[in-house]
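Summary of structural features
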Amino acid sequence: MIELSPTPVQRIDPLGLWVKREDLVHPRMGGNKPRKLQKILEEARRQGASCLLTFGAAGSHHVLATALFGRLAGFRVRALLFPQPRTGHALSVLRASAGQGVEAIPLGSPRQLPRALAAFRGAWVIPVGGSSVTGALAFVEAAAELRAAVDRGELPAPREIVVATGSGGTAAGLAVGLAREGLPTRVVCVAVTRPVAVPFASVLALASRTAWRLGVSLRKTLDRLVFDGSAVGEGYGHPTFRGEEATRFAAAHGLLLDPTYTAKSFAVALERARGGGVLYWHTLSSAPMEPLLDGAPGEEQLDPALRALLR
Ligand SMILES: *Cc1c(COP(=O)(O)O)cnc(C)c1O
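Residues numbered from 1 in each chain as written. Predicted model: local features only at pLDDT ≥ 70, side-chain atom pairs only at ≥ 80, totals over all residues. Heavy atoms only, no water.

Comments concerning the overall build of the chain
- Across its full length, the chain carries 12 helices and 10 strands.
- For the chain, with 311 residues in total, the buried portion stands at 57%.
- Sequence separation of 24 or more characterises 79% of the internal contacts of the chain that already satisfy a separation of 6 or more.
- Total accessible area on the chain stands at roughly 12800 Å², and carbon and sulfur atoms take up 54% of it. (Helix = DSSP H or I, 4+ residues; strand = E, 2+ residues; numbered from the N terminus. Buried < 20%, exposed > 50% of the residue type's maximum accessible area, 1.4 Å probe, protein only. Contact = heavy atoms within 4.5 Å. Areas by Shrake-Rupley, 256 points an atom, 1.4 Å probe, with all protein chains shown as cover.)

So, the packing of aromatic side chains
- Counted by the stated rule, this structure contains five aromatic pairs.
- Ring geometry for Tyr-236 and Tyr-261: centres 5.8 Å apart, planes at 85°, overall edge-to-face. Note that Tyr-236 is positioned in the loop between strand S9 (225-228) and helix H9 (241-252) and Tyr-261 in the loop between H9 and helix H10 (262-273), a separation of 25 residues in sequence.
- Aromatic pair Phe-266 and Tyr-280: ring centres 4.9 Å apart, planes at 75°, arrangement edge-to-face. You can see Phe-266 sitting in helix H10 and its partner Tyr-280 sitting in strand S10 (residues 278-281), a full 14 residues away along the chain.
- According to the relative accessible area criterion, Phe-266 is buried, its value standing at 0%.
- Residue Tyr-280 is classed as buried on the basis of its relative accessible area of 0%.
- Each member of the aromatic cluster is reached from another via a ring pair, and the members are Phe-249, Phe-266 and Tyr-280.
- Just above the ring of Tyr-261 sits the side chain of Lys-33; from NZ or CZ to the centre is 5.5 Å. (Phe/Tyr/Trp six-rings, centres within 6.5 Å; stacked < 30°, edge-to-face > 60°. Lys NZ or Arg CZ within 6 Å of the ring centre and 35° of its normal.)

Details of the sheet that holds strand S3 (residues 51-57)
- Taken in spatial order, the four strands of this open sheet run S5-S4-S3-S6, and their pairing is parallel. The open sheet has two free edges, formed respectively by strand S5 (103-106) and strand S6 (124-125), since each of these has just one partner strand.
- Judged from the two bridges that link them, S3 and S6 form a sheet pairing that is parallel. If you follow Leu-53 over to S6, its bridge partner there is Val-125. (Pairing = 2+ DSSP bridges.)

Some details on the pairing of S3
- Judged by how many residues are buried, S3 sits mostly within the fold: seven of seven residues are covered.
- Where S3 meets strand S4 (residues 76-82), seven bridges bridge the pair, whose relative direction is parallel. Directly across from Ala-57, in S4, lies its bridge partner Phe-82.
- On the question of chirality, the crossover connecting S3 to the parallel S4 by way of helix H2 (residues 61-72) is right-handed. (Right-handed = clockwise from strand over helix to strand, strands pointing away.)

So, the sheet that holds strand S1 (residues 9-12)
- Spatially, S1-S2-S10-S7-S8-S9 is the arrangement adopted by the six strands of the open sheet, whose pairing is mixed. Across the chains shown, the open sheet's two edge strands, defined by having one partner strand only, are S1 and S9. Averaged over all pairs of adjacent strands, the angle between strand axes in this sheet comes to 25°, irrespective of strand direction.
- Along the sheet face, helix H7 (residues 197-214) touches strand S7 (160-165), strand S8 (186-191) and S9 and points at about 165° away from the line of S9. (Axes fitted to C-alpha atoms, helices over the stretch in contact; angles between N-to-C directions.)

Dropping the structure here:
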């Protein structure tokens, strides 16, 4: 249903930092969400679902990806949206989601819960960030893809992979996949939400369930996880100074970052790169936003309850 390409690795000199260019996984929208959705939509289709329901912050990349790929595959797509700090990037993602035909239900206050609960009726529910076991399995396969690149001599086996961690499916799937492939690489989970124990607990829970599903050793899986809560700043969606510095450095090397996720994870990758053997897993799309915004409502035309989610 979704055609994805294997993604290349690139080396940033003079740091010796490697980058897994997940931004190039699909020409319309890259990043870490298409791999998860490919598996999730296949499952929803197999089960005979026709309407998807998911959740996220107003500027959620997962909600946008679900709207885009879900609608292309012929599903109705509903999403419960939560408030998030206002940035230009968050506003374009929200407008694009609306333009891609998501039926958005703003959850600015508990009063809106009854309407939200009605949306569950008859819908195939996709958890926050697409981080179900099914979603994580996509990153077990991505670890195999990395292993193949190492075997072909495209990069040395990394000592660690640095990845932004929200709902945890990307890091969890990678850890299981690395354990399964027998690669010694560890996954450094960079928290982008507060309190940082929440994303780390999500990774642990999902990694253990995914390892269980595949019969991969739990000890070998958990051994591969490292948790880094140093870059979160004030919390989800709040830009940080360190993130802004990392963003300028990345731009000089042709990589575009966002303030919510990748500015924070890239800052950690830069710091850890001094130790050598670091692969930064680039989870953001680099596909142009304009086509996704084509025909999308302008800020003024957005439902005021949706617009009010960006505060
Ligand atoms: C969703 C997202 C993440 C977090 O991935 P999880 O699998 O939810 O932990 C990281 N970076 C970007 C750009 C994202 O959109």
